[in-house]
Amino acid sequence: MRWENLTAESGRGRAADTALFGADAVTTRTFDTPEFRGITFHEVRARSIVNRVPGASRMPFEWTVNPYRGCSHACVYCFARKSHSYLDLDTGLGFDSQIVVKVNAPELLRRQLASPRWQGEHIAMGTNVDCYQRAEGRYRLMPGIIAALRDHANPFSLLTKGTLVLRDLDLLKQAASVTEVGVSVSVGFTDPALWRTVEPGTPAPERRLDVVRTLAGHGIGCGVLMAPVIPFLSDGPEQLRATVRAIASAGATSVTPLALHLRPGAREWFMSWLGRHHPHLVHRYERLYAGGAYAPKWYQRRITRQVHELAQEYGMGPARPGAARRLPEPEPEHTTPERTQLTLL
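Keep in mind that what you see is a predicted model, and the values were worked out from it rather than measured. (Residues numbered from 1 in each chain as written. Predicted model: local features only at pLDDT ≥ 70, side-chain atom pairs only at ≥ 80, totals over all residues. Heavy atoms only, no water.)

Draft legend 1. Local environment of the overall build of the chain. Tallying secondary structure elements over the chain gives 12 helices and 13 strands in all. Taking as baseline every contact in the chain between residues at least 6 positions apart, the subset at least 24 positions apart corresponds to 75%. Here the chain has roughly 16700 Å² of accessible surface; of this, 52% comes from carbon and sulfur atoms. (Helix = DSSP H or I, 4+ residues; strand = E, 2+ residues; numbered from the N terminus. Contact = heavy atoms within 4.5 Å. Areas by Shrake-Rupley, 256 points an atom, 1.4 Å probe, with all protein chains shown as cover.)

Listed below in structure tokens is the structure:
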């Protein structure tokens, strides 16, 4: 595996001189328990955990934290599959079962947030692979990550298909009291038969909507990323209606549809799955995605319009902006006769 070839970005766009982690820092483990059977974990000590999003990216954020690489959720369409090829790992079954764990992620993040060079920008999580996949139940990296963000009042958002996020509910509430916190759950459809084949390692859509409901009940607004909408499999008018109705019923603050996109690495794996489960759709997909990784603009606009109309019908408004970033005032220094109180903005 090419651990040494992965380089981080240091500071404002300068390439680092060192790799993200070296081969001598990798410990490989397997666990003979039902939930981890067939999965291999590569424990590494990362040298950087706050990653800058490439300028050409379509993502609406600039910085990310990803404590894992690879994902046991095994979603056949996952765009992050290509990233496994950078390590000479397989982007199919290898992506689902060879999980890289950055075991020092919480301490490293805390150190990076404390750096005078860090300006407190928004950090997005769950944008590459899911932070609350099964591995998180064992490694428990997210409590330390959220605590570090809370302690520095650093705004952040997270996206997940995992119900394990509820384990960290108290931490999320604490963080939301001092900074902007955005939580989104991914639910692209509610069809149980489709879910079992296309997202086999994830909690059922109903359980994910229970997460939305629970967060809303504790005062944490939760949006739903309705992704992906899968052409010819989950995009029928009644299918869209059923999904939006379920999302609204769960108390989501907003719904954002996203049509399936098929980047290299994911495209090959998804088309192989499609050929096995829905061979009659292969040629339709080849035509629809002949122009590249993204569905045609007319298709994306149609899905967006339909979902937004349904959302309005079911009474979902725009997401509520979070509170302004703020830190508690420091305790006064009783031993100093004249004090100057500092406020961190």
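Draft legend 2. Just helix α6 (residues 169-176), in detail. Buried within α6 are the following residues: Leu-169, Leu-171, Leu-172 and Ala-175. Buried residues of α6, seen end-on, are gathered within an arc of 160 degrees and therefore sit on one face of the element. Summarising the contacts, the buried residues of α6 are in contact with α5 (142-151), β10 (156-160), β11 (181-186) and α8 (205-217). (Buried < 20%, exposed > 50% of the residue type's maximum accessible area, 1.4 Å probe, protein only. Arc of directions from axis to C-beta.)

Draft legend 3. Up close: the packing of helix α9 (residues 237-249) against helix α12 (residues 297-313). Between α9 and α12, the least distance of the axes is 9 Å, while the angle of their chain directions is 45 degrees. In terms of orientation, α9 and α12 fall into the oblique class. By crossing handedness, the relation of α9 to α12 is classed as right-handed. Mapping the contact onto sequence places Leu-240, Arg-241 and Val-244 in α9 and Ile-303, Gln-306, Val-307, Leu-310, Ala-311 and Glu-313 in α12. (Axes fitted to C-alpha atoms, helices over the stretch in contact; angles between N-to-C directions. Parallel < 35°, antiparallel > 145°, perpendicular 65-115°, else oblique. Left-handed = near helix turned anticlockwise from the far one by under 90°.)

Draft legend 4. View of helix α3 (residues 105-113). Taken together, the buried positions of α3 are Ala-105, Pro-106, Leu-108, Leu-109 and Leu-113. One side of α3 holds all its buried residues, which, seen down the axis, span an arc of 165 degrees. For α3, the secondary structure elements touched by its buried residues are β5 (50-52), β6 (63-65), β8 (98-102), β9 (123-125) and α5.

Draft legend 5. Representation of the packing of α5 against α6 in the model. Contact geometry for α5 and α6: axes closest at 9 Å, N-to-C directions at 15 degrees. As far as their axial angle goes, α6 and α5 are roughly parallel. Our pair here, α5 against α6, has a crossing hand that is left-handed. Here α5 contributes Pro-143, Ile-146, Ala-147 and Arg-150 to the contact with α6, which in turn contributes Leu-171, Leu-172, Gln-174 and Ala-175. For the contact of α5 with α6, a count of residues per class yields 6 nonpolar, 1 polar and 1 charged. (Nonpolar A, V, L, I, M, F, W, Y, C, P; charged D, E, K, R; others polar.)

Draft legend 6. Layout of the sheet that holds strand β7 (residues 68-69). With mixed pairing, the 4 strands of this open sheet are ordered in space as β3-β4-β8-β7. Every interior strand has two partners, whereas the edge strands, β3 (27-30) and β7, have only one. Note: strand β4 (residues 40-44) against β8, 5 bridges, orientation parallel. Its bridge partner being in β8, His-42 is matched across the sheet by Val-100. (Pairing = 2+ DSSP bridges.)

Draft legend 7. Fine view of the nonpolar core. Leu-109, Ile-123, Met-125, Phe-270 and Tyr-285 are the most contacted members of the largest nonpolar core, which has 91 residues in total. Top contributing element to this core by residue count: α5, with 6 residues. Val-26, Val-44, Leu-89 and Val-100 belong to the second-largest nonpolar core, a separate cluster that totals 5 residues. (Core = buried A, V, L, I, M, F, W, Y, C linked by side-chain atoms within 4.5 Å.)

Draft legend 8. A look at the pattern of salt bridges. Overall, the coordinates contain 13 salt bridges when judged by the stated rule. In this structure, the salt-bridge partner of Glu-62 is Arg-52, at a minimum N-O distance of 2.5 Å. Taken together, the positions of Glu-62 in the loop between β5 and β6 and Arg-52 in strand β5 put the pair 10 residues apart, joining distant regions of the chain. A relative accessible area of 34% places Glu-62 in the partly exposed class. Residue classification places Arg-52 among the partly exposed residues on the basis of a relative accessible area of 25%. One salt bridge connects Arg-167 with Asp-168, and the closest N-O pair in it is separated by 2.9 Å. Note on Arg-167: relative accessible area 28%, which makes it partly exposed. With relative accessibility at 2%, the residue Asp-168 sits in the buried group. Several salt bridges share partner residues, and in doing so they unite Arg-110, Arg-150 and Asp-151 into one network. (Salt bridge = Lys/Arg side-chain N within 4 Å of Asp/Glu carboxyl O.)

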